Amino acid sequence: MEDRLTPGLYLEMTDGPVDAYATKRVDELLALRGVERATWWRNLVRDRTDLPRVLPEFDHLGVYEVDATFTAPAPPPGITGHHFARTPRPGQGIITGRPTIGLSLVLISPREPAQARELRDWADFVHIRHIAEAAVPGYTMITPYENATGGDPRFMHFYEMDTDDPESAYRAMTPLVTELLGAGTPEWDHWAFHPALRIMYVNTFRLLGERVAS
């Protein structure tokens, strides 16, 4: 995250009280081998309807920066966990020196397992590329990750933002890409959709707190 190279991210999703999560669960995970830093976030548009969603909705997101020694724990009731590792390809965007205080979390999978490479190529060379090229205000780095188990959701696109209004930045993204590629052009159509794409989850989040491992 930000200006750090993070080998992996472990995400936890919960509807439980965020204060209890921050005071108990965060410390439990920071004590595990390979966990370096924790941040927790508020979902800004719960139950959004502008995009399809397969995963259950949730109020709060925990994000843990982990190294290669980390093994994902079995989460307790009321919490769902997903472990992602960096793909070999780099993130795209800019680093500004300002902290990441907003996120757009995008979780996708191929419709068929054999389409995973095709989907990954489209995401890296077309979709993320043009979002980075559009220089959306508030967007910084867009980093691709892959599910450490090979299961669903197969890929995560982790959009970092240095704005405290990440939902407005997210809503500005498509118009700026449209301005770049042209409305209704083949280039725009190719950017917006791929036949192998299955959207599992998309939403924006605002930072609530952070803590590093002792």
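Rules used in this analysis
- Per chain, residues are indexed from 1 in the order of the written sequence.
- Per-residue local features are limited, in this predicted model, to residues with pLDDT of at least 70; the limit for side-chain atom pairs, both in listing and counting, is 80 or more; totals at the level of whole chains, interfaces and linings are taken over all residues.
- Note that the side-chain values use all heavy atoms of the structure and ignore hydrogens as well as water.
- Each cavity reported here is a set of points on a 1 Å grid over the protein atoms alone in which a 1.4 Å probe fits but cannot get out, each pocket an open set with protein on both sides within 12 Å along at least five of seven lines, and each lining residue one with an atom within 4 Å of a point.
- Grid points are joined across faces, edges and corners, and a volume is the space filled by probe spheres set on the points.
- Secondary structure follows DSSP: runs of H or I at least 4 residues long count as helices, runs of E at least 2 residues long count as strands, and numbering of each begins at the N terminus.
- Residues are sorted three ways: Asp, Glu, Lys and Arg are charged, Ala, Val, Leu, Ile, Met, Phe, Trp, Tyr, Cys and Pro are nonpolar, and all the rest, Gly among them, are polar.
- Expected helix span is taken as 1.5 Å per residue step, with the number of steps being one fewer than the number of residues.
- The reported bend at a residue is simply the angle between two axes, fitted to the 7 residues ending at it and to the 7 residues beginning with it.
- Throughout, a residue-residue contact means that at least one pair of heavy atoms, one from each residue, lies within 4.5 Å.
- Only protein chains enter the accessibility calculation, which uses a 1.4 Å probe; a residue whose area is less than 20% of its type maximum is buried, one above 50% is exposed, and one in between is partly exposed.
- At least two DSSP bridges between two strands are needed for those strands to be called paired.

Asker: How would you sum up the layout of surface pockets? Please name residues and give values.
Answerer: Looking at the largest pocket, its volume works out to about 430 Å³. Along the walls of the largest pocket sit 20 residues, with Leu51, His127, Met173, Ala192 and Ile199 positioned nearest its centre. Contributions of two or more residues to the lining of the largest pocket are made by strand S6 (102-110), helix H2 (116-134), strand S8 (155-161), helix H3 (166-181), helix H4 (186-192) and strand S9 (197-212). Taken together, the residues of the lining of the largest pocket break down into 15 nonpolar, four polar and one charged. If you add up the space inside the second largest pocket, you get close to 160 Å³. As for the second largest pocket, its lining consists of 15 residues, and the residues nearest its centre are Arg4, Leu5, Arg86, Met141 and Thr143. Those elements that provide at least two residues to the lining of the second largest pocket are strand S7 (139-147) and S8. Residues belonging to the lining of the second largest pocket are distributed by class as follows: seven nonpolar, three polar and five charged.

Asker: Describe H3, with residues and values.
Answerer: For H3, spanning 16 residues, the distance from its first C-alpha to its last is 23 Å, which sits close to the expected 22 Å at 1.5 Å a residue. The sharpest bend along H3 reaches about 25° and sits at methionine 173, with the proline proline 175 one to four residues further on. Tucked into the core, H3 has its buried residues touching S6, H2, S7, S8, H4 and S9. With its phi angle positive at about 95°, glycine 182 sits one or two positions after the end of H3.

Asker: Can you explain helix H1 (residues 18-30)? Please cite residues and give values.
Answerer: Maximal helix bending in H1 amounts to about 30°, located at lysine 24. Of all the positions in H1, only Val18, Tyr21, Ala22, Arg25, Val26, Leu29 and Leu30 are classed as buried. Close packing links the buried residues of H1 with strand S1 (8-14), strand S2 (35-43), strand S3 (60-66), strand S4 (79-86) and S9.

Asker: Before we move on, can you summarise the environment of alanine 72 with the specific residues and values?
Answerer: Its place among the elements puts alanine 72 in the loop between S3 and S4. Alanine 72 gets classed as partly exposed once you look at its relative accessible area, which sits at 36%. Sequence spacing of alanine 72 and arginine 4 is 68 residues, and the spatial spacing of their C-alpha atoms is 21 Å. Apart from the residues within four sequence positions on either side, alanine 72 is in contact with Tyr10 and His83.

Asker: Pulling in residues and values, what's your account of empty space enclosed by the protein?
Answerer: The final tally for this structure, using the stated rule, is one cavity of 30 Å³ or more. Arg48, Leu51, Pro52, Arg53, Glu57, Tyr201 and Val202 are the residues that line the largest cavity. A class-by-class count of the residues in the lining of the largest cavity yields four nonpolar, no polar and three charged.

Asker: Just give me the short version of the pairing of S9, but keep the residues and values in it.
Answerer: Pairing of S2 with S9 involves seven bridges; the strand directions are antiparallel. When the bridges of S9 are listed, asparagine 43 appears paired with phenylalanine 205. Sheet analysis places S6 next to S9, joined by nine bridges and oriented antiparallel. Looking at S9, one finds that valine 106 is bridged to valine 202.

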